[in-house]
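Examination of the molecular architecture
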Amino acid sequence: MAVTTGQAGAAGQGLGGEDAEAVAEGLAAVGYLAGPETALVSYLALRLEKPVLVEGPAGVGKTELAKALSRYTGRPLIRLQCYEGLEEAKALYEWNYRKQLLRIQAEHEPGWREVEGDIFTEEFLLARPLLQAISASEPVVLLIDELDKTDQEFEAMLLELLSDFQITIPELGRIAARTRPLVVITSNNARELTEALKRRCLYLWLDYPSPDQELRILKMHAPQLKEELARKLVEVVGMVRELDLKKPPSIAESIDWARALVLLGANDLDAATLAQTLSVIIKHRSDLETVAARLGLSDGERRPA
Amino acid sequence: MASADLLRGEGRPASLPDELVAFAELLRTEGLSIGTAELLDAIAALGLVDWRDPHQFKGALAATLAKSQQDRRLFEVAFERFLLARTAIRARDHEPPIPDGQQVGHTLGEAELAALRRRVAQAIAGFVAGDPQAEATLRDLARYLIAALGAGGGSVGVDLQLIRRALDLRPEARPTLEAGDPRREGVPREGLRHFEALLRRELEAGTIERSGDLPQARPLVELARALPTRPLADLAAVQRTVAQLRRRLASGGQERRGSRNRHLHLDMRRTLRASLQTGGVPIVIKERPRRPRRPEIFVICDVSTSVSAASVFFLSVLHALHDAFRKIRSFVFIERVAEITELCEREREFKALSERISRTAGVADVSGYTDYGRVWDHLRQLIEDDLDSRSTMLVLGDARTNGREPGVGDFAALAKRAGRVYWLNPEPRLYWNYGDSVMRSYEPYCQAFECWNAGQLEAVVRELTRVEPRRV
C-alpha cells in the first residue's frame, strides 16, 4: 500500500513510446525483458488508457511488469494487495473518525451545520490505495495485485473505478480522476474473474518464458553466471516445469538458483551440485522427491543446500 | 502481408468494421462472449498498431477480444480459419504470388507447370530443412495452385486429386526423367504430406467461403473433446446459478435463528461515528453487521459410466462451485470415493481437471460400477467428524446401485450430521426407483431434485430459495 516513486526512466516524459518495440526497449532499459505480446499490450494500455488484466502462473513476473511500467513511465506505483475479505474501507477510503471526534470536541458550542460541513471534507478522509490513485495530481501506475483472492462483491465495486475512473463517496459526491492511472490487475487464476470486469480490461496471458528469453533474463540478473551453465540451468528448469508439481519453479527462483550457483562457484551442473542446490527451486518435499526421481538423484545424494 | 490484405478490401464491399463484426460473429459461435464494447476496443487498438506486422495485428485483436486462456486458444484457431478463408478468395481473385508475371489461366502450360513444380519442390525441401519462410511460401503456392488450376469448385477430395495429378510429385526417385526435374530425385515424404495438408486446408477454407455462410462448421469444442475436457457451453450460466446458490446457502437458516439480539458485536468505528451527531457521546450503539456465514460444502460427485452423459454437467458444477466457495471439499466416486479438493484448487482449467481426475483419482476398483454402500461407508470414515450443522452436502449422482447394497444407514448417519443435504439426480423423476435406482431409500434423508442442465440447476436454486429447507 505504500507509494513508491519510481526513478524517472529515460522515456518518462511521454505517455509511453511510439510503438510496441519502443515500449519493449524502454522496459528492457529498466530491467524487465518483455516478450512481444507483453510489450504490445503494455503499449496499447498506455495509449488506450485501459486497465490491463494480467493472468498467468505464479512467478512469471506479473507484479514485476507493473513495477517495470512504473519505472519506465516514471510514474509512482500505488499498490493494492488483495486478500480474502478485503473490504472497501481498506481499499477505497475511510472517514478518519478519531480526527472528526477531536474536531468536534475541540470547538465548544459549534453550530451543527458548520461542523457537519466541516468534518465531511477531504481533510478527514483517509485515502486508501484506490482513492489515492484516483486523486493523485500526477498520473500513477495502480497495481491491483491478486484480485482473484477477493470476493466477487469486491470486484463489482471496482467496476466504477475501472470504466469511468471515478469513485462515489456518499458525503462528498463523485470524485473523478484528475489523471488517468495506468491500472494493472493481476490474477493467479484461483477463480474465474467476472465477465463484467474482463470486459473493461485488455487481457494479457503471461506464461513461462521461452528458453531463449529466460536465458536473457538470467544474464541480466546474474551476469557472472557462465553461458554454458546458464543454458543448462534453463534446460533443467524447463524440464522441471513440465513435471507434475505442486509448485513449479518461477522465474524468480531460477534467478535465485543462478545466483546460488555463482556464489558456490559451480562450474558445471552435475549430480552433486544439483542435489545440493535443488532446494532453491523446489519448495515442497513431495515435489523434491518427484524431481529427484526424474533427474535420477538417489536419496543419499540429496542434502539441503 | 496477408492480414493487411484482409483489410484493404479493394473492390470488395467489406470494410474493416464489417470484417471485424463477421469475425466477432465467428468467435461468438465458438462460445466467446463479445460485446460491442470489445469491438470498439479492438478497433481502437488496431488504430495504434502496425497492420503490416501480423503479430501486432493479431496481438491487438487478442488482447481486446479473447480474455481468458481458454478463449485465447479458440481465438487462435478461429483467427487462422477466418484469415484463410479471406486470403483464399483474394488469391483467386487477384494476382498470383508468382512474380514472373506469367499469364494465369485456368489451365497451365507444361512449361509453367514445370516451373511451378520446381518451386514447390524447392519450398518443400526448404520446409524439411527447417527454413522458417518455407511454410508461408508453401501456403502461397497452394493458394496459387488452387486458383491457377481452377480447382476449388468441387469437392475437396476431387480438387486435391486434380492438383496432385498436375504436380505429379512423389517421394520415390524416378531416374528416367531428365535432369533438373525435381521429380527425378523424389520429394521428401513428410514435406509432401505437409504440403497436401496445406492444400486441403486452403480448399476447405474456399468451400466454406463459397457456400456463403461463415465457417461455422462444427464448434471447435466438439472436435477437441473426448470425454468432458471442456465445460458446458453454458458454463457461464452454471456459474451464475452457483453464485445464487452461494448467496442462498450463506443466508440459509439464519432468519430463523432466534432474535436479533443474540448477535451483538459492537462496531467501535461506526458507533463513534454515530456519536458525532450527539457531540461525542455514544448514544446510538452500532453493531457489526451479521457476517454471512461461510457455508462449508461437501460435494460428492458420481463419475461412473451410467452418468457419463451428465458428467460434463456435474464437473461444470463442481468447477463453478470451486470458483464460488472457499470452504469446499470435493469427492468423486465410482466404486470408491476419492477426495479431489486439492486437485480442484490447483487445476484451474476444466480440461486439465477432468483429465487429472480420470488419471489420478483412485475411484474404481475392478468393475467400474457404482457401489453406493461402500462409498457411504468410506465417506463416513473420511468426513463424518468434519460435518456439522453448518455444512451442506451436495450429492450429484443417479442412485443406481447396480444391485449392490445401497448403504442407507451410512447415508442417513451422514445426513444427520450435516446441516443440509441436497441430491441432484441427472435422470428424470419418472425413471427414479425403476431398475436398480434406489432413490426412494435416500429421499427421506435429503432433498432430491432432477437436474442435468443449467436451466434445471437454476430451477433448483429457485426452489431452494422459496422453500425453507427442512432440517433433517
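Everything that follows concerns the structure shown earlier in this document.
Counting from 1, residues in each chain are numbered in the order their sequence is written. Chains and ligands are labelled sequentially in the order written, the chains with letters from A and the ligands with numbers from 1. Where totals are concerned, whole chains, interfaces and linings use all residues; where local detail is concerned, this predicted model gives features only for residues with pLDDT of at least 70, and gives and counts side-chain atom pairs only at 80 or more. The side-chain quantities take in all heavy atoms of the structure and omit both hydrogens and water.

Turning our eyes to something else, we now look at the overall build of chain B. In terms of regular secondary structure, chain B is built from 20 helices and 6 strands. Of all intrachain contacts in chain B linking residues separated by at least 6 positions in sequence, the fraction that spans at least 24 positions is 72%. Only the protein chains shown count as cover for residues, with accessible areas throughout obtained via the Shrake-Rupley method and a probe of 1.4 Å. Total accessible area computed for chain B in this model is approximately 22,700 Å², and 51% of it derives from carbon and sulfur atoms. The helix and strand labels rest on DSSP assignments: H or I over at least four residues marks a helix, E over at least two residues marks a strand, and numbering proceeds from the N terminus. Here, two residues are considered to be in contact whenever any of their heavy atoms come within 4.5 Å of each other.

Turning next to the overall build of chain A. A tally of helices and strands in chain A yields 14 helices and 10 strands. Partitioning the intrachain contacts of chain A with sequence separation of at least 6 by distance along the chain shows that 76% fall at a separation of at least 24. Of the roughly 13,800 Å² that chain A leaves accessible, carbon and sulfur atoms contribute 51%.

Glancing now at the interface of chain B and chain A. In this complex, chain B contributes 39 residues to the contact, which on the side of chain A involves 42 residues. Carbon and sulfur atoms make up 52% of the area that chain B and chain A hide from each other, which totals about 3,600 Å². Just to be clear on terms, a salt bridge is a Lys or Arg side-chain nitrogen sitting within 4 Å of an Asp or Glu carboxyl oxygen. The tally of links between chain B and chain A comes to 5 salt bridges. Notably, a salt bridge pairs A:K50 with B:D41, separated by 2.8 Å at the nearest N-O pair. For the purposes of these results, a polar contact is taken to be a pair of N or O atoms within 3.5 Å, where, inside protein, one atom must be able to donate a hydrogen and its partner to accept one; residues adjacent in sequence count only when each atom of the pair is a side-chain atom. Summed over the shared surface of chain B and chain A, the result is 13 residue pairs in polar contact (both at pLDDT 80 or more). Going through the elements one at a time, α3 (36–46), α4 (54–65), α5 (69–93), α12 (235–251), α13 (268–275) and α15 (341–346) of chain B are the ones with two or more residues in the side of chain B that touches chain A. Here the buried area means the combined drop in accessible surface, using a 1.4 Å probe, for two parts upon being joined, counting both sides.

This brings us to unusual backbone geometry. Non-glycine residue A:F165 carries a positive phi angle of around 50°. For A:F165, the location among the structural elements is in the loop between α8 (152–164) and β7 (166–169). The backbone phi angle of B:A399 is positive, close to 60°, even though this residue is not glycine. Topologically, B:A399 is positioned in the loop between β4 (391–396) and α18 (408–417).

Take the sheet that holds strand β2 (residues 328–333) of chain B next. What links the strands of a sheet is backbone hydrogen bonding, and the strands pair in either a parallel or an antiparallel sense. Residue and element names in this part refer to chain B. Spatial ordering of the open sheet is given by β3-β2-β1-β4-β5-β6, a layout of 6 strands whose pairing is mixed. Every other strand in the sheet has two partners, leaving β3 (337–339) and β6 (447–450) as the edge strands with one partner each. When strand polarity is set aside, the average angle formed by the axes of neighbouring strands in this sheet is 20°. Lines fitted to the C-alpha atoms define the axes, with helices restricted to the stretch that makes contact. Angles between their N-to-C directions range from 0 to 180 degrees. Where helix α17 (residues 372–383) meets the sheet, its contacts fall on β1 (296–302), β2, β3, β4 and β5 (420–425), and the angle it forms with β2 comes to roughly 150°. When DSSP finds two or more bridges between a pair of strands, those strands are recorded as paired.

Our next topic: the packing of helix α1 (residues 20–29) of chain A against helix α2 (residues 36–48) of chain A. All names here are of chain A. Closest axis-to-axis distance for the α1/α2 pair is 8 Å, and the angle between their directions is 105°. Comparing their axes, α2 and α1 come out roughly perpendicular. Residues A20, V23, A24 and L27 of α1 form the contact with α2, whose participating residues are A39, L40, S42 and Y43. When grouped by side-chain class, the residues that make up the contact of α1 with α2 number 7 nonpolar, 1 polar and no charged. Convention used here: angles under 35 degrees read as roughly parallel, angles over 145 as roughly antiparallel, angles from 65 to 115 as roughly perpendicular, and any remaining angle as oblique. Polar here means any residue outside two lists: the nonpolar Ala, Val, Leu, Ile, Met, Phe, Trp, Tyr, Cys and Pro, and the charged Asp, Glu, Lys and Arg; Gly therefore counts as polar.

Residue and element names in this part refer to chain B. A simple rule labels every residue: compare its accessible area, found with a 1.4 Å probe on the protein chains alone, to the largest value its type can have, and call it buried under 20%, exposed over 50%, or partly exposed in between. Most of β5 sits out of view: 6 of its 6 residues are buried. Side chains R420, Y422 and L424 of β5 all project onto a buried face; the interleaved residues V421, W423 and N425 project onto the opposite face, where all are buried too. Summarising the sheet, β4 and β5 pair through 5 bridges and their orientation is parallel. Among the inter-strand pairings, T392 is bridged to a residue of β5, identified as R420. Look down the strands so they point away from you; if the path from the first strand over the helix to the second goes clockwise, the crossover is right-handed. Traced from β4 through α18 to β5, the parallel crossover comes out right-handed. Sheet analysis places β5 next to β6, joined by 4 bridges and oriented parallel. Bridge pairing links N425 to E450 in β6.

Residue and element names in this part refer to chain B. Across all of its chains, the model carries 26 salt bridges over all chains by this definition. A salt bridge links R164 to E196, with the nearest nitrogen and oxygen atoms 2.9 Å apart. Highlighted residues: R164 in helix α8 (residues 156–167) and E196 in helix α10 (residues 189–210), separated in sequence by 32 residues. Residue R164 is classed as partly exposed on the basis of its relative accessible area, which comes to 33%.

It is worth spelling out a nonpolar patch on the surface at this point. Residues and elements named next belong to chain B. Here the term patch refers to residues with relative accessible area over 30% and no salt bridge, with like charges joined within 9 Å and nonpolar side chains (Val, Leu, Ile, Met, Phe, Trp, Tyr) within 5 Å. A surface patch of nonpolar side chains, about 280 Å² in accessible area, is lined by L266, M268 and I285. With respect to the element layout, M268 can be found in helix α13. Of the residues examined, M268 reaches a relative accessible area of 47% and is grouped as partly exposed.

The next subject is the nonpolar core. Soluble globular proteins tend to bury their nonpolar side chains together. Definition used in this section: a nonpolar core is a set of buried Ala, Val, Leu, Ile, Met, Phe, Trp, Tyr and Cys residues joined via side-chain atoms within 4.5 Å. Among the nonpolar cores identified, the biggest contains 57 residues, and A:L27, A:L44, B:F23, B:L61 and B:F75 are the most heavily contacted of them. The leading source of residues in this core is α2(A), at 8 residues. Counting residues in hydrophobic clusters, the runner-up holds 45 residues, among them A:L101, A:L125, A:L158 and A:L193.

A word on the packing of α2(A) against helix α3 (residues 62–73) of chain A. Residues and elements named next belong to chain A. As a packed pair, α2 and α3 sit with axes 12 Å apart at the nearest point and diverge in direction by 55°. Taken together, the axis directions place α2 and α3 in an arrangement best described as oblique. Once α2 is placed against α3, the crossing between them reads as right-handed. Together, T38, S42 and L46 of α2 and L65, L69, Y72 and T73 of α3 make up the contact between the two elements. Of the residues in the contact of α2 with α3, the class split is 4 nonpolar, 3 polar and no charged. The crossing is said to be left-handed when, going from far helix to near helix, the turn is anticlockwise and less than a right angle, and right-handed when the turn is clockwise.

Let's shift gears to the packing of aromatic side chains. Ring pairs shown here join Phe, Tyr and Trp side chains whose ring centres sit within 6.5 Å, with only the six-membered ring taken for Trp; geometry is labelled stacked below 30 degrees between planes, edge-to-face above 60, and tilted in between. Per the counting criterion, the structure on display carries 18 aromatic pairs over all chains. The interplanar angle of 20° and the centroid separation of 5.7 Å between the aromatic rings of B:F75 and B:F79 together place this pair among those described as stacked. In this pair, B:F75 and B:F79 are both assigned in helix α5, 4 residues apart and thus about one turn of the helix distant. In this pair, the class of B:F75 matches that of B:F79, namely buried. Each ring, one from B:W423 and one from B:Y442, has its centre 4.9 Å from the other, and the planes form 20°; the classification is stacked. Pair noted here: B:W423 is in strand β5 and B:Y442 is in helix α19 (residues 439–442), with a separation of 19 residues, a long-range link. We classify B:W423 as buried; its relative accessible area is 0%. Its relative accessible area of 0% is what places B:Y442 among the buried residues. Grouping aromatic residues by their ring pairs yields a cluster made of B:F333, B:Y372, B:W376, B:F411, B:W423, B:Y442 and B:Y445. Lying over the aromatic face of A:F124, A:K99 brings its terminal NZ or CZ to 5.6 Å of the ring centre. Put simply, a charge is over a ring when the Lys NZ or the Arg CZ is close to the ring centre, within 6 Å, and near the line of the ring normal, within 35 degrees.

Residue and element names in this part refer to chain A. The length a helix should cover is 1.5 Å for every residue beyond the first. Helix length check: α3, at 12 residues, gives a terminal C-alpha distance of 17 Å against a target of 16 Å (1.5 Å per residue), a fit within 8%. Most of α3 is tucked away, with 10 of its 12 residues classed as buried. Turning to α3, its buried residues are K62, T63, L65, A66, A68, L69, S70, R71, Y72 and T73. Positive phi shows up at G74, right after α3, with a value of about 70°.

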